[in-house]
Amino acid sequence: STSSIQEQTPQINSIDAIATRIKNGDIKRIVVIAGAGISTSAGYPDFRSPKTGIYDKTAALKTLPYREAIFDVRYFKHTPEPFFAVLRGLMQMNFKPTVTHAFLSLLHRMEVLEMVFTQNIDGLERAAGVPDEKVVAAHGQFGSQRCMICKISWPSDRFERVVKSGQVPRCDDAFCNGLIKPDTVMFGEPLSQNFATSTKLLDSADLILVMGTSLKVHPVAALPSQVPKGVPRVLLNREKAGDLGSRREDILLLGDCDEGVRSIADALGLRDELENLWRAV
Ligand code: CNA
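Residue positions are counted from 1 within each chain, in the order its sequence is given. Predicted model: local features are reported for residues with pLDDT of at least 70 only, side-chain atom pairs are reported and counted for 80 or more only, and whole-chain, interface and lining totals are derived from all residues. To get the side-chain values, take all heavy atoms of the structure and skip hydrogens and water.

Turning our attention to the site of the ligand. In these notes, residues near a molecule or strand are those with any non-hydrogen atom within 4 Å of it. What surrounds the ligand is a group of 27 residues, the closest being R48, Q119, D122, S214 and E239. By the criterion applied in these results, polar contacts are pairs of N or O atoms within 3.5 Å in which, for protein atoms, one can donate a hydrogen and the other can accept it, and in which residues neighboring in sequence qualify only through two side-chain atoms. At 2.8 Å from an oxygen atom of the ligand is found a main-chain nitrogen or oxygen belonging to F47. The contact in question runs from an oxygen atom of the ligand to an N or O atom on the backbone of Q119, over 2.6 Å. Contact with the protein chains hides 96% of the accessible area of the ligand, taken as 860 Å² for the molecule alone. Within the shell around the ligand, the residues separate by chemical class into 8 nonpolar, 13 polar and 6 charged. Where accessible areas are quoted, they stem from the Shrake-Rupley method and a 1.4 Å probe; at the residue level, only the protein chains shown are allowed to cover. All residues other than Ala, Val, Leu, Ile, Met, Phe, Trp, Tyr, Cys, Pro, Asp, Glu, Lys and Arg, Gly among them, are scored as polar; the first ten of these are nonpolar and the last four charged.

Given below as C-alpha cells:
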C-alpha cells in the first residue's frame, strides 16, 4: 500500500500503550463506532468521498433537488427511481469483508469487543464473523424489505429480481400498491429502539474506536462526544471527524483504516492472526 499512517503523537497516549492495556486485561470493553469508510476498500462506495462517493457519483442525476434526497424517505415516496438505480448497482456487485471488518472479529475472539455501532447497511461486520448480538445496526441493514403501506414483507430473492430488472418494486395488492422498501433507515425515519438503549454501553467502555465515518449524520455523529472524559478514543479515518482530537487521551490514526487496524494488530503482536482471519472470511 502507498498510504501511510501518521500517528499524531499524543500527550498521554499511544497505540503501544493501548495495546499493552488490552493485553494485560486493563482494557476489556471496546466499543466501536463505524461508518461507510470501513467498507470502501471492499469496493462499497461511501457517501462523501470525493469522486468515488455516492453523492459525487449521483450528482449526474440532475433531477435530485438536493444530494441527500436520494436517501430521504419523503423524496423516495414520490420519486423512488434514483434510490433503486443506486441499489441496482450495488446488487450487481459482490462485496467481501475488509481487513478492518476482520479486525472487529478478532476483537470479538479476544473477548474484548463490547459492541459495534455501525451506520453501515452492508452487513459486512457479520459476514466477517462478528455475532449479531455485538452489532447495533443504527441505520438497519439490507436483507429484509416490506411494503411501506401495508407492511407485508417480500422475500429477498424476489425483491432482488425486480430491482435488478430495472422495475420499481410495488405491493401486489392493487388497492395498496405501496413501494417495497428495504428495512434500512432513510433520512426522515426513526432509528431502531435498540440504538437508544444500547448507547448506555458508552458509559462503561474502556476504549472507543471510531472508524471510517465523517460523523456528519446524527444521532450516531454525537456518540463519541458522549463518551466519558478520560476514556481513550482512537480515530481511524482518512480525515479528522467530530471532536476526535480535542481530548488529551485521544489518538488520531489518520489514513486508511485497513492500515490503522494493521498497526494496532502489530502493537498487539497479532498481525498474523489478523491476516489469517481475514483470509478465512
Ligand atoms: P461518509 O459520510 O461517506 O464518510 C465516510 C468517511 O470515511 C469519510 O470521512 C472518508 O474520508 C472516510 N473513509 C473513506 N474510505 C476510507 C478508508 N478506506 N479508510 C479510512 N477512512 C475512509 O459515511 P458515514 O458512514 O460517516 O455516513 C453515514 C451514512 C453513510 C450512513 O447512514 C450509512 O448508512 C451510509 N452509507 C453506508 C454504506 C455501507 O453500508 N457500506 C455505504 C454508503 C453510505
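Another aspect to go through is helix α7 (residues 156-164). The rule is simple: take the accessible area with a 1.4 Å probe, protein chains only, and divide by the maximum for that residue type; under 20% is buried, over 50% is exposed, in between is partly exposed. Secondary structure elements follow DSSP: runs of H or I of four or more residues count as helices, runs of E of two or more count as strands, with numbering from the N terminus. F159, V162 and V163 are the residues of α7 that are buried. Around the axis of α7, the buried residues are gathered within 95° of arc, so they sit on the same side. Relative to its buried face, α7 has exposed residues pointing more than 90 degrees away, namely D157 and R161. Throughout, a residue-residue contact means that at least one pair of heavy atoms, one from each residue, lies within 4.5 Å. On the buried face of α7, the contacting elements are α4 (81-91), β5 (145-147), β6 (153-154) and β7 (180-182). The positive-phi residue at the C-terminal boundary of α7 is G166, with phi of around 95°. For this quantity, the arc is that covered by the directions from the helix axis to the C-beta atoms.

As recorded in UniProt, the sites labelled "binding site: Zn(2+)" (unreviewed entry) are C147, C150, C171 and C176. Despite a sequence span of 30 residues, these residues sit close together in the fold, their greatest C-alpha distance being 8.7 Å. Structurally, C171 is set in the loop between α7 and β7. Those residues in contact with C171, other than ones at most four positions away along the chain, are C147, C150, I152, C176, N177, G178 and I180. Position of C176 among the secondary structure elements: in the loop between α7 and β7. Among the residues examined, C176 registers a relative accessible area of 14% and is labelled buried. When neighbours within four sequence positions are excluded, C176 is seen to be in contact with C147, I149, C150 and C171. UniProt positions are given in the numbering used here, feature names are shortened, and annotations may be inferred rather than shown by experiment.

This part takes up unusual backbone geometry. Peptide bonds are trans in most cases, and residues, glycine excluded, mostly fall at negative phi. Cis geometry marks the peptide bond from H218 to P219, where omega comes out at 5°. Topologically, P219 is positioned in the loop between β8 (207-211) and α9 (223-226). Despite not being glycine, K151 has its phi angle at roughly 70°, a positive value. Here N177, not a glycine, exhibits a phi torsion of approximately 55°, which is positive. Checked against the element boundaries, N177 lands in the loop between α7 and β7.

Next up on the list: the nonpolar core. By size, the foremost hydrophobic cluster in this structure holds 36 residues, and its most contacted members are I30, V32, L209, M211 and L236. Each residue touching L209, except ones within four places of it in the same chain, is listed here: I30, V31, V32, I33, F103, L107, V234 and L236. Here, nonpolar core means buried Ala, Val, Leu, Ile, Met, Phe, Trp, Tyr and Cys residues that are tied together by side-chain atoms lying within 4.5 Å of each other. Counting 30 residues, the second largest nonpolar core, distinct from the first, contains I54, I70, V86 and F95.

A separate point is the packing of helix α5 (residues 99-109) against helix α10 (residues 257-268). Lines fitted to C-alpha atoms define the axes here, with helix axes fitted over just the stretch in contact, and angles between the N-to-C directions of these axes take values from 0 to 180 degrees. Axis separation between α5 and α10 bottoms out at 8 Å; the angle between their running directions is 35°. Between α5 and α10 the crossing geometry is left-handed. The residues of α10 that touch α5, namely those facing V99, T100 and F103, are C257, D258, V261, R262, I264 and A265. Of the residues contributing to the contact of α5 with α10, the split by class is 6 nonpolar, 1 polar and 2 charged. What makes a crossing left-handed is the near helix being turned counterclockwise from the far one by less than a right angle; a clockwise turn instead makes it right-handed.

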